[in-house]
Amino acid sequence: MTKTGFIVANLFRKKTRTILTILSVIMAFLLFGLLQSLNSIFSSGADFIGATRLMTQARVSFTTPLPIGIVPKLESVPGVARVAYSQWFGGIWQTNTQVFTFAVDPTRYHDAYPEWVMPEEQWKSFANTRTAMVAGKNVADKYGWKVGQKIPLSSNIFPQKNGSKAWAFDLVGVFDGKDENWKKQANQVLINYGYFSEANQFVKDRANFFIVKLTSDADAATVSKTIDGMFENSPDETKTQTEKDFNLSFVKQIGDIGLIVRWILFAVFFTLLLVVGNTMAQSVRERVPELAVLKTLGFSDGSVLGFVLAEAVALCLVGGVIGLLLATLLGAAVEKGTGGQFQLTINGLIWAIGIATILVMSVAVGLLPALRARRLKIVDALAGR
Amino acid sequence: MSESMVQIRSVTKTYERGKQKVEVLHGLSLEIPKGDFVALMGPSGSGKTTLLNLIGGLDQPTSGEVNVGGKRIDQLSSGQLANWRAHNVGFVFQFYNLMPVLTAEANVELPLLLTRLPAAQRKKNVAVALQVVGLSDRARHKPKELSGGQEQRVAIARALVSDPQLLVCDEPTGDLDRKTADEILGLLQVLNREHGKTIVMVTHDPKAAEFARRTLHLEKGQLLEQVAA
């Protein structure tokens, strides 16, 4: 027998209680891993995007479209290479499947986004066909769309002038990302803005977003300040930010994900502290005479403290590591299952935070019972006082 | 048997019970030679267990000197005392106090975890100790699978395994029937006579005391007469 063997034996003196406690630790750390991963998705924006583009929208909200007539003004700002615009269409495929659909000026969009790769003749066809549509590869693959097909989409937000919500577009191209990161983002559908603007009931010559492509030597902060300054006190006041910040603020429409995640985890770990803490306290309480015997045999106060603390560490470590492993496997499965669209990656940082949390939690739940064990007076403990 | 194993000089022990101070031992002096087997008898509250705890280094006197095996233990710190106990004294309790999660052999091995003996040597020592108490065939059994007498034998093996010169036994047969108690007392007698262990045993049972070489009577924290067996 070794000291480790003794610790393990003590840990499993009440098997059911220990297994249930470990299960609760596993669940907490599974949740921790997945939520941390989710949080990092929302807080990272899209790091690979860089700062070569700015996004301009109405100062009040991007749901208030700005006139596309501001494009020449935007392009006159020093540091601006090209401006594209994009209007949310809100396409519905078949019965109730949302497809991220935007109405864009094909040529300008192509110029602004060299990261989207598609044969040039398809770009031309997109620009020259009034009812054209191009689809991201992930969408086309998912729904089995082929170039040349007519794709019916409906829009609850933008009915046609005749009142019909049904639209039909000609799929003239399928675009993909230039690299792995961009490939994972090829989940949207683009339609020709000219057709959309003429045919819909509500929006004409206005767009939600203006994508401002910068020259290589431009300073993003200066350009965005200049743009917003130009439209100050006008009916179309603007808000300009980097594309990454824009993505982050877009996500935060849902709510402060980080804060929500932190609160959920706080609740989970607080409950866990009570559960594991109670297990440890109970475990020490019910073997006070045994701990006194250990001291009688010659184990020092520090050794006895160490035994109890080691039990707490073992309990939390086993549950925590299994929980993080499960989160890693589940995250990988989700990523694989969604074709990389939902990257629930439990990376090294999450593991490091997880292990640190395990250690802090071990001390938090183990220290008080361990100190109690350390302070035990042999004579009193043996006499049951 | 002339060399002293235990020398106690003018020891007092006072406990605080709430606001009240209770003096349990009043200037007690005692000498136990090496190889002796002493039974401590007396009514409840006479200070038997307190005296035993002082001899075993489980407690410190309020005043006076406690020398065991030539070492003055009343001046040792808590850590030093723990280390001294690990190497110099074996304990046997009324209710055996075995670790229920460990097998008999693991229970016996427990004190050896405090030594630097390699695992193989520890195993050999455990086997010898279990053989001495006649429980080699129950080595893999957990305490709940043993009878009371067998549990006490395991406890004696645990007390013996690190080869201490002094065994301190607090009512070792208090929880056993007469026949089993006699077997255990016989075993202690063998350890005393054949293995030279000095034994100090607290008991209420006059028949148990008959197995000792002599009996000391305590009353109200003071020693009365000594009776030789």
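Residues numbered from 1 in each chain as written. Chains lettered and ligands numbered in written order. Predicted model: local features only at pLDDT ≥ 70, side-chain atom pairs only at ≥ 80, totals over all residues. Heavy atoms only, no water.

Student: What's the story with the sheet that holds strand β5 (residues 71-72) of chain B in this structure? I'm lost.
Tutor: To summarise the sheet geometry, strands pair through backbone hydrogen bonds and adopt either a parallel or an antiparallel arrangement. Residue and element names in this part refer to chain B. Spatial strand order, β2-β1-β4-β5: four strands in an open sheet with antiparallel pairing. Across the chains shown, the open sheet's two edge strands, defined by having one partner strand only, are β2 (20-33) and β5. Across ten bridges, strand β1 (residues 4-17) lies against β2 in antiparallel orientation. Bridging from a neighbouring strand, Lys13 pairs with Leu25 of β2. The sheet contacts of helix α1 (residues 48-55) involve β1, β2 and β4 (63-68), and relative to β2 the element is tilted by about 60°. (Pairing = 2+ DSSP bridges. Helix = DSSP H or I, 4+ residues; strand = E, 2+ residues; numbered from the N terminus. Contact = heavy atoms within 4.5 Å. Axes fitted to C-alpha atoms, helices over the stretch in contact; angles between N-to-C directions.)

Student: So what exactly am I meant to see when it comes to the interface of chain B and chain A here?
Tutor: Frequently, the measure chosen for interface size is the accessible area removed from exposure when the parts meet. Across the contact, 25 residues belong to chain B and 21 residues belong to chain A. Considering only the surface of chain B that becomes buried against chain A, Met99(B), Val101(B) and Leu113(B) emerge as the three largest contributors, covering 25% of it. Here chain B and chain A share five residue pairs in polar contact (both at pLDDT 80 or more) between them. Within the residue set of the side of chain B that touches chain A, elements represented by two or more residues are β1, α2 (78-88) and α3 (104-109) of chain B. The class makeup of the residues in the side of chain B that touches chain A is 15 nonpolar, four polar and six charged. (Buried area = accessible area lost by both parts, 1.4 Å probe. Polar contact = N/O pair within 3.5 Å; in protein donor to acceptor, adjacent residues only side chain to side chain. Nonpolar A, V, L, I, M, F, W, Y, C, P; charged D, E, K, R; others polar.)

Student: What is the right way to read the pattern of salt bridges from this model?
Tutor: Residue and element names in this part refer to chain B. In total, this model carries 27 salt bridges over all chains according to the counting rule given. Across the pair Glu3 and Lys34 runs a salt bridge whose closest N-O atoms are separated by 3.3 Å. On the criterion of sequence distance, the pair formed by Glu3 in the segment before β1 and Lys34 in the loop between β2 and β3 (37-41) is long-range, its members being 31 residues apart. Two residues, Asp182 and Arg178, come together in a salt bridge whose shortest N-O distance is 2.9 Å. Of this pair, Asp182 and Arg178 both sit in helix α6 (residues 178-195), four residues apart, roughly one helical turn. According to the relative accessible area criterion, Asp182 is partly exposed, its value standing at 30%. (Salt bridge = Lys/Arg side-chain N within 4 Å of Asp/Glu carboxyl O. Buried < 20%, exposed > 50% of the residue type's maximum accessible area, 1.4 Å probe, protein only.)

Student: Help me understand the packing of aromatic side chains in this model?
Tutor: The geometry of two aromatic rings is summed up by the distance between their centres and the angle between their planes. Residues and elements named next belong to chain A. Applying the stated rule across the entire model yields 32 aromatic pairs over all chains. The interplanar angle of 85° and the centroid separation of 5.9 Å between the aromatic rings of Phe89 and Phe196 together place this pair among those described as edge-to-face. With Phe89 in the loop between β3 (80-88) and β4 (91-93) and Phe196 in helix α8 (residues 193-199), this pair connects stretches of sequence that are 107 residues apart. Phe196 carries the same exposure label as Phe89, and that label is buried. Between Tyr109 and Tyr113 the ring centres are 4.8 Å apart and the planes differ by 40°, which places this aromatic pair in the tilted class. Each member of the pair Tyr109 and Tyr113 is classed as buried. These aromatic residues form a ring-pair network of at least three members: Tyr85, Phe89, Phe158, Trp167, Phe169, Tyr193, Tyr195, Phe196 and Phe210. (Phe/Tyr/Trp six-rings, centres within 6.5 Å; stacked < 30°, edge-to-face > 60°.)

Note that all results are geometric; they support no functional claim without further evidence.
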